[in-house]
Amino acid sequence: MTTMQDLLTIGDMAARSGVAPSALRYYERLGLIHAVRTGGNQRRYQRAELRRIAFIRVSQQVGVSLEEIREALASLPGGRVPTKADWARLSAGWHGKLEERIALLERLRDSLTGCIGCGCLSLQKCTLYNPGDELAAFGPGPRILLSGD
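Residues numbered from 1 in each chain as written. Predicted model: local features only at pLDDT ≥ 70, side-chain atom pairs only at ≥ 80, totals over all residues. Heavy atoms only, no water.

**Student:** How would you explain the overall build of the chain if you had to name every residue and give the values?
**Tutor:** Across its full length, the chain holds 6 helices and 3 strands. Each helix and strand of the chain, ordered N terminal to C terminal, gives the series β-α-α-β-β-α-α-α-α. Sequence separation of 24 or more characterises 49% of the internal contacts of the chain that already satisfy a separation of 6 or more. (Helix = DSSP H or I, 4+ residues; strand = E, 2+ residues; numbered from the N terminus. Contact = heavy atoms within 4.5 Å.)

**Student:** So what's going on with the sheet that holds strand β2 (residues 36-37)? Which residues, and what values?
**Tutor:** Read from one edge of the open sheet, 3 strands run β1-β3-β2, paired in antiparallel fashion. Strands at the two margins of the open sheet, each flanked by one partner only, are β1 (8-9) and β2. Bridge analysis of β1 against strand β3 (residues 43-45) gives 2 bridges, and the strand direction is antiparallel. Looking across to β3, one finds that Thr-9 is bridged to Arg-44. (Pairing = 2+ DSSP bridges.)

**Student:** Lay out the packing of aromatic side chains in plain terms, naming residues and giving numbers.
**Tutor:** Inspection of every chain in the model, using the stated rule, returns 1 aromatic pair. Between Phe-55 and Trp-94, the ring centres sit 5.4 Å apart and the planes meet at 25°, which makes this aromatic pair stacked. Placement of the pair is Phe-55 in helix α3 (residues 49-61) and Trp-94 in helix α5 (residues 84-118), with a sequence separation of 39 residues. By the burial criterion, Phe-55 is buried, and Trp-94 matches it. (Phe/Tyr/Trp six-rings, centres within 6.5 Å; stacked < 30°, edge-to-face > 60°. Buried < 20%, exposed > 50% of the residue type's maximum accessible area, 1.4 Å probe, protein only.)

**Student:** How would you explain the packing of helix α1 (residues 10-17) against α3 if you had to name every residue and give the values?
**Tutor:** When two helices pack together, their arrangement is captured by the angle between the axes and the distance separating the axes. For the pair α1 and α3, interaxial distance at closest approach is 10 Å and the crossing angle is 50°. Judged by the inter-axis angle, α1 sits oblique to α3. Both α1 and α3 take part in a crossing whose hand is right-handed. Between α1 and α3, the contacting residues are Met-13, Arg-16 and Ser-17 on the first element and Glu-49, Leu-50, Ile-53 and Arg-57 on the second. Residue classes in the contact of α1 with α3 are distributed as 3 nonpolar, 1 polar and 3 charged. (Axes fitted to C-alpha atoms, helices over the stretch in contact; angles between N-to-C directions. Parallel < 35°, antiparallel > 145°, perpendicular 65-115°, else oblique. Left-handed = near helix turned anticlockwise from the far one by under 90°. Nonpolar A, V, L, I, M, F, W, Y, C, P; charged D, E, K, R; others polar.)

**Student:** Give a description of the nonpolar core that names residues and reports values.
**Tutor:** Ranked by internal contacts, the top residues of the largest apolar core, which has 22 residues, are Met-13, Leu-24, Ile-33, Phe-55, Ile-56, Ile-69 and Leu-73. Elements that contribute at least two residues to this core include exactly α1, α2 (21-30), α3, α4 (66-74) and α5. Among the elements that take part in this core, α3 stands out by supplying 4 residues, more than any other. Leaving out residues up to four positions away in the same chain, Leu-73 has contacts with Leu-32, Arg-52, Phe-55, Ile-56, Trp-87 and Leu-90. (Core = buried A, V, L, I, M, F, W, Y, C linked by side-chain atoms within 4.5 Å.)

Encoded structure:
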């Protein structure tokens, strides 16, 4: 049984996780993390929430939206600390999406090197150029770069 002495204050959680208290409150409001309240209505966090916060931070770093993170965390058990199998199941579901992001980042890295060096002298080859918005029928944004062609 967890007692209030076993729980972390919002200041302790911020210091341990590297996340500002305002962000912790925001994460809680979104349902990404959970806190219990003291009799004085102060937040207290179980140490297991540190793992969830680490997952949130790393996921955001690779471009996963907070909504996607919320959906993933909602699939984890609420009444117990997630097991290795729980995390493996969650990460397996993201494998394809992460592979797509890695490929996009590699295309962006490779294209930007040429783009920065070209000074836009070769607009026919530029992956960001879209004269007359010709590619609008294929979707929004930099279509050549996003499609990988």
